[in-house]
Amino acid sequence: MLFSPYPKTKREELFDRDRELKEFEEAIGRGERLILLLGLRRLGKSSLLNVALNDLPNPSIKIDVRQTYSEFSSASRYVIGKKLLSAMSGRRKIMEEAKAFLERVRGISVSGLKVEISSREFSITELLEALNEYGEKAGRVVIAFDEAQYLRFGGATRYDGILAYAVDNLENLTFVLTGSEVGLLFDFLKFNDPEAPLFGRYHHDIILERFSPELSEEFLRRGFEEAGVKAREREIEEAVGELDGIVGWLALYGYIRTTRKLGHREAIDEVMREAKSVVGSELSKLFSYSPRYRLILKGIALGHSRWKDIRDYLVLKTGYINDSNFSSLLENLVKSGYVEKKEGRYSISDPVLARVFREL
Ligand SMILES: Nc1ncnc2c1ncn2[C@@H]1O[C@H](COP(=O)(O)OP(=O)(O)OP(=O)(O)O)[C@@H](O)[C@H]1O
Ligand SMILES: [Mg+2]
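As the structure is a computational prediction, the values presented were derived from the model and not from experiment.

Colleague: How do you make sense of helix α6 (residues 124-138) when you look at a structure like this?
Modeller: Over its 15 residues, α6 runs 20 Å from end to end, which matches the ideal 21 Å to within 8%, given 1.5 Å per residue. Every buried residue belonging to α6 is among Ile124, Glu126, Leu127, Leu128, Ala130, Leu131, Asn132, Tyr134 and Gly135, and all of these are buried. If you check the start of α6, you find a side-chain oxygen 3.3 Å away from the backbone N of threonine 125, and it comes from serine 123.

Dropping the structure here:
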């Protein structure tokens, strides 16, 4: 269903994105080793990744690093290793074919279709080497880390170093990293830092943009048609005007309207309510580091767009803050994707969130 509110897994549920799927498939076909799938929240990165991996003839392993980090408060090698292995466990084809290679890795045990970490000797690098050997036989193995910026919480495990080693030496592996907090992801990968392990490494970036207004309207029309619900053209235009081309909000609006039998206005209000609670949970951590983040977001959402105006707004609300502290708070919001900086002006990238932030 086009309006289903979960990440899509099947080609027929994915609206548009043909160009991105083709680009992904061709990059894998060329044997590229590092692919980044970038885009704001709710633009469909996980959906695109799921569909792309399902369509590939190659074996693939995917883990959600954000979910893993929130479950374990860590991205240590044991945690990531455990997730990688459980992503393989139970999958007959992959387990039968990879078994012989996995059995040689120290610190893991294979029994039947199950593979798990069995001792502290476990090393991610050895696991990747085994998967590379498997890839030599089975064809390139694709390893995907959804929301890879959370790999920065690896503690003693330095994933940038591990990735650099793998990209340089393990020719039968392709890594796919997605990230909605694009600035944080690049901070972690440090492609431009001569001291960093991934310095200068080639990466193929696929950037997900929001849908154009026409495409957004088409998405809603098709979704309503599929659900057998009538929606007026004016309502469709209005919904796109308010929710923008952010497919996650559009799908949620459509889902609420078609499943809860709500009218147009009620459905928009419901999306706003939902957005408020999403923001609450997404940003609670950030707000606990500094309550100033909340006010900066509010100030920008209210229309303050220059560095100085935003700082003045903050100072008015909370008192003096020195320039470099303020800059670093603002910069963090840009890195996390909530705030956009264009030609020296700051704005909230998602109009739905802008409405929520105005009321913070
Ligand atoms: N191309 C698409 N066609 C139809 N629905 C889509 C498409 N892309 C995403 N969606 C829907 O939008 C919502 C958000 O998608 P998804 O979770 O894939 O986005 P994301 O970019 O991974 O978001 P996040 O940054 O929150 O992880 C889901 O409900 C999904 O079903
Ligand atoms: Mg996602």
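Colleague: Explain the site of ligand 1 to me, please; I cannot follow it from the model alone.
Modeller: As a structural note, the neighbourhood of ligand 1 is formed by 23 residues, with Tyr6, Lys8, Lys45, Ser47 and Arg66 the closest of them. Serine 47 is positioned such that a nitrogen or oxygen atom in its side chain is 2.6 Å from an oxygen atom of ligand 1. At 3.4 Å from an oxygen atom of ligand 1 is found a side-chain nitrogen or oxygen belonging to glutamate 147. When isolated, ligand 1 has an accessible area of 630 Å², and the protein chains bury 93% of it. For the shell around ligand 1, the elements supplying multiple residues, two or more each, are α2 (45-55) and α11 (247-259). The element that contributes the greatest number of residues to the shell around ligand 1 is α2, accounting for three residues. Three or more residues apiece are contributed to the shell around ligand 1 by two domains, here domain 1 (17-207) and domain 2 (212-282).

Colleague: Could you clarify how one ought to interpret the sheet that holds strand β7 (residues 204-207) in this entry?
Modeller: Within a sheet, each strand pairs with its neighbour through backbone hydrogen bonds, oriented either parallel or antiparallel. Pairing is parallel across the open sheet formed by five strands, whose spatial order is β2-β5-β6-β1-β7. Each of the sheet's edge strands pairs with one partner strand only, and the pair in question is β2 (60-64) and β7. Taking each pair of neighbouring strands and ignoring which way they run, the sheet shows an average axis angle of 15°. Pairing analysis gives four bridges linking strand β1 (residues 34-38) to β7, with the strands arranged parallel. Pairing of leucine 37 across the sheet is with isoleucine 206, part of β7. Along the sheet, helix α8 (residues 182-189) makes contact with β1, β6 (173-179) and β7, crossing β1 at roughly 155°.

Colleague: Please explain the UniProt feature "domain: MCM C-terminal" (unreviewed entry) in the protein as it appears in this structure.
Modeller: Listed under "domain: MCM C-terminal" (unreviewed entry) in the UniProt record, and renumbered for this structure, are residues 290-346. With 61% helix and 11% strand, the stretch residues 290-346 has end C-alpha atoms that lie 19 Å from each other.

Calculation notes
Residues numbered from 1 in each chain as written. Chains lettered and ligands numbered in written order. Predicted model: local features only at pLDDT ≥ 70, side-chain atom pairs only at ≥ 80, totals over all residues. Heavy atoms only, no water. Helix = DSSP H or I, 4+ residues; strand = E, 2+ residues; numbered from the N terminus. Expected span 1.5 Å × (residues − 1). Buried < 20%, exposed > 50% of the residue type's maximum accessible area, 1.4 Å probe, protein only. Polar contact = N/O pair within 3.5 Å; in protein donor to acceptor, adjacent residues only side chain to side chain. Near = heavy atom within 4 Å. Areas by Shrake-Rupley, 256 points an atom, 1.4 Å probe, with all protein chains shown as cover. Domains from an automatic or database assignment. Pairing = 2+ DSSP bridges. Axes fitted to C-alpha atoms, helices over the stretch in contact; angles between N-to-C directions. Contact = heavy atoms within 4.5 Å. UniProt positions renumbered as here; feature names shortened; annotations may be inferred.

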